[in-house]
Amino acid sequence: MKHSSENTVTDKSPVQELTDTRGHITGADWLARYSSSVLGVFGAPQRVLVRGSGCLVWDADGKEYLDLLGGIAVNALGHAHPFVTSVISSQLATLGHVSNFFTSPTQIALAEKLLEISHAPAGSRVFFANSGAEAIEAAFKLARRNAGSAATPRTKIIALEGAFHGRTMGALALTAKEAYRAPFAPLPAGVVHIPFGDIEALRAAVDDTTAAVFLEPIQGEAGVRPLPAGYLQAAREATTAAGALLILDEVQTGIGRTGKWLASGDTGIVPDAITLAKGLGGGFPIGALVTFGPVASGLLTAGQHGTTFGGNPVATAAALATLHVLENQHVLARVRAVGEHLRAGLAGIHGVTEVRGEGLLIGFDLDADVAPAVVQAGLDAGFIVNSPGPRTIRLAPPLILSTEQADQFLAALPALLQTAKDAQ
Ligand SMILES: *Cc1c(COP(=O)(O)O)cnc(C)c1O
C-alpha cells in the first residue's frame, strides 16, 4: 500500500509560526487583523492571548494575567494542564474520530462516569454534544417529545426571567434576554418566561399543557443569581404533579464549579434531565444531556437526534481526564474552601454591596455602575474578571485557584474600584 507523506513532522508548524512571532507582531496588529477577518458578533476582543499555564495566561505583548474567569467557567483545571494535555494527545494519536456509526471505550466510560456522579437512577442515559447550546437543543427536543395526547397536547415550556440557555434558535427561545431574541423572531413557539425565584408564579404556570420547566440552579449570566431555598423542590413537586419534565441547566454550575459535582447535587431532588458542558472537558469542547430514569430516557428514540462530532474519542477522553483529576486530587473540597475565603474577603471590601454564589462561581455587586471599568482596570493590572451587568462582577476561575492567588486579587481590588470610579 502506498502511503502519502506530503506533510511530514519535519514541516514547520503553521501554529508554531504564529507563536514564534511573539514580540514581533503586537496585540494591536493582531486585533486589526481580527477586525477585518473575524465576524463581529463578539465586539472587539479585550486581548490576544498566546499561552497559558495553570491560572495564568499571557498575551501577545508578553503581559501576564491571573485568570479569574477561566474562559467563562470552562478551564476547570486551568490552562495547559499536563495530565489532561497528555491524555488528549495520546487519544488523538491513537483514535481521534469515528462517527456515531461506531462507539469507543472513552465514550462509554464517560457516559457511565456521568451517570455515577449525577446519582442517576437505573434506566438513565447520556447523549453527547459539543457545546452547552447543543446540550440544550437536545433537552428542548426531549421536552417536545413529552407531547401529551391529541386531546391534551403539551405545548408549553417554562423558563425563568434572567435565564441564559445559549444562542442557537431553540436555546435562544429559552433564553430570556429580549436584546438577544428580538432580531431572530420568530423563535420556536411555546416558551413562556416567568418571574425569577417566585414559587407561586411557578405553581400557577405549571399545568397539564406544560411539557417541561427549564431551570439554572444558579443563573450565571444574570450575575450569579442562586434560586431561593426550596425553589427546586417546589419545581419538582409541581412538575411531577402535572406530568411535566424538570430539566436543570448545569452547563455553568456543573462539574465541580460550586464545590459539588452538580449544584443541584445536595438538594435531594431527582430531575428528569440535566445539561452539562462548560467545565466538563477541562477546556476541550464537549456537552452532554443526562436523562434520568427510563421514562425520560425513552422519550428520544433511534433516529430522533444526532451529531457528527458529539461524543468523539478525543472530547470524551478530555472529560475523563478532567473528572479523574477533580476526583483524585480532591479538588472539590478546595473549591469550597477557596470560594468561601474569596467571598468572605470580598464582603469586607469597601464598595462591595453584595456577594453571591457557591464554590468558585461568584458574583458581587458594586455601589456604582462601574463594573465594565473594573474589568478594564483589572486587565491593566493583570487580572481577568467579567462584568455580566453594569454593577456586577463575576468570577469563575480555574477550580485549582490557590488561596494565595485569591488573596492577590483581594489585595488589588480596592485600587481597581478606585481606578474605575476615577475614570467615570
Ligand atoms: C454558557 C451556557 C450555555 C450555552 O453554552 P455554549 O457552549 O455557549 O453554547 C447554556 N446554558 C448555560 C447555563 C450557560 O452558562
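Residues numbered from 1 in each chain as written. Predicted model: local features only at pLDDT ≥ 70, side-chain atom pairs only at ≥ 80, totals over all residues. Heavy atoms only, no water.

Undergrad: I tried to follow the nonpolar core on my own but got confused; where do I start?
TA: Nonpolar side chains in soluble globular proteins tend to be buried together. Counting residues in each nonpolar core, the largest one holds 81 residues, and the members touching the most others are Leu114, Leu215, Leu395 and Phe409. Of the residues that make up this core, three or more belong to each of domain 1 (37-67 + 330-422) and domain 2 (84-328). Ignoring sequence-local partners within four residues, the contact set of Leu395 consists of Leu68, Leu342, Leu346, Leu360, Leu361, Ile362, Phe364, Val385 and Phe409. In terms of nonpolar packing, the next biggest core, distinct from the first, is built from 23 residues, Ala159, Leu172, Val191 and Ile247 among them. (Core = buried A, V, L, I, M, F, W, Y, C linked by side-chain atoms within 4.5 Å. Buried < 20%, exposed > 50% of the residue type's maximum accessible area, 1.4 Å probe, protein only. Domains from an automatic or database assignment. Contact = heavy atoms within 4.5 Å.)

Undergrad: Explain the site of the ligand here, please?
TA: Residues in contact with the ligand, as listed here, are Ser131, Gly132, Ala133, Phe164, His165, Gly166, Glu216, Asp249, Val251, Gln252 and Lys278. For the ligand, an oxygen atom lies 2.7 Å from a polar atom in the backbone of Ala133. One nitrogen or oxygen atom from the main chain of Phe164 is found 3.4 Å from a nitrogen atom belonging to the ligand. When the ligand sits alone it has 380 Å² of accessible area, and the protein chains cover 81% of it. Its residues assigned to classes, the shell around the ligand shows three nonpolar, five polar and three charged. (Near = heavy atom within 4 Å. Polar contact = N/O pair within 3.5 Å; in protein donor to acceptor, adjacent residues only side chain to side chain. Areas by Shrake-Rupley, 256 points an atom, 1.4 Å probe, with all protein chains shown as cover. Nonpolar A, V, L, I, M, F, W, Y, C, P; charged D, E, K, R; others polar.)

Undergrad: Whenever I open this one, the packing of aromatic side chains confuses me. Can you help?
TA: Each aromatic ring pair is characterised by the separation of its centres together with the angle its planes make. Using the criterion set out here, one finds two aromatic pairs in the structure. An angle of 80 degrees between the planes, with centres 6.3 Å apart, marks the rings of Phe164 and Tyr180 as edge-to-face. One end of the pair, Phe164, is in the loop between strand E5 (156-160) and helix H7 (169-174); the other, Tyr180, is in helix H8 (residues 178-181), and 16 residues separate them in sequence. Given the relative accessible area of 24%, Tyr180 is considered partly exposed. Ring plane angle 65 degrees and centroid distance 5.7 Å describe the contact between Phe383 and Phe409, whose orientation is recorded as edge-to-face. (Phe/Tyr/Trp six-rings, centres within 6.5 Å; stacked < 30°, edge-to-face > 60°. Helix = DSSP H or I, 4+ residues; strand = E, 2+ residues; numbered from the N terminus.)

Undergrad: Any chance you could explain the layout of surface pockets here in plain terms?
TA: To locate leftover empty space, one rolls a probe as large as a water molecule over the atoms. Space inside the second largest pocket adds up to approximately 540 Å³. Around the second largest pocket sit 21 residues that line it, and Gln107, Arg125, Val126, Phe127 and Phe128 are the ones nearest its centre. When contributions to the lining of the second largest pocket are tallied by element, the ones reaching two or more residues are helix H5 (105-117), strand E4 (125-129) and strand E12 (287-291). Residues of the lining of the second largest pocket, tallied by class, amount to nine nonpolar, ten polar and two charged. (1 Å grid on protein atoms, 1.4 Å probe; cavity = no way out; pocket = protein on both sides within 12 Å on 5 of 7 lines; lining within 4 Å. Points joined across faces, edges and corners; volume = space filled by probe spheres on them.)

Undergrad: Hey, could you run me through the pattern of salt bridges in this one?
TA: Pairs can form between side chains of opposite charge whenever their charged atoms are close. Taken as a whole and judged by the stated rule, the model has 15 salt bridges. We note a salt bridge from Arg203 to Glu200, for which the minimum N-O separation is 2.9 Å. Taken together, the positions of Arg203 and Glu200, both in helix H9 (residues 199-205) and three residues apart, correspond to about one turn of that helix. With relative accessibility at 52%, the residue Glu200 sits in the exposed group. A salt bridge links Glu358 to Lys260; its shortest N-O distance comes to 2.9 Å. Remark: Lys260 occurs in the loop between strand E10 (245-249) and strand E11 (273-276) and Glu358 occurs in strand E13 (residues 352-358); sequence separation between them is 98 residues. (Salt bridge = Lys/Arg side-chain N within 4 Å of Asp/Glu carboxyl O.)

Undergrad: In this structure, what is going on with the sheet that holds E5? I would like to understand it.
TA: Pairing between sheet strands relies on hydrogen bonds along the backbone, with the strands arranged either parallel or antiparallel. Taken in spatial order, the seven strands line up as E4-E12-E11-E10-E7-E5-E6 in an open sheet, and their pairing is mixed. Two strands close off the open sheet at either side, each with one partner strand: E4 and strand E6 (191-194). Sheet twist, expressed as the mean angle between neighbouring strand axes with direction ignored, is 20 degrees. The sheet contact formed by E4 and E12 spans five bridges and is antiparallel. Counted as the bridge partner of Arg125 is Thr291 from E12. Docked against the sheet, H5 engages E4, E11 and E12, running at close to 120 degrees with respect to E4. (Pairing = 2+ DSSP bridges. Axes fitted to C-alpha atoms, helices over the stretch in contact; angles between N-to-C directions.)

In short, the description is geometric, and any link to function would need to be established separately.
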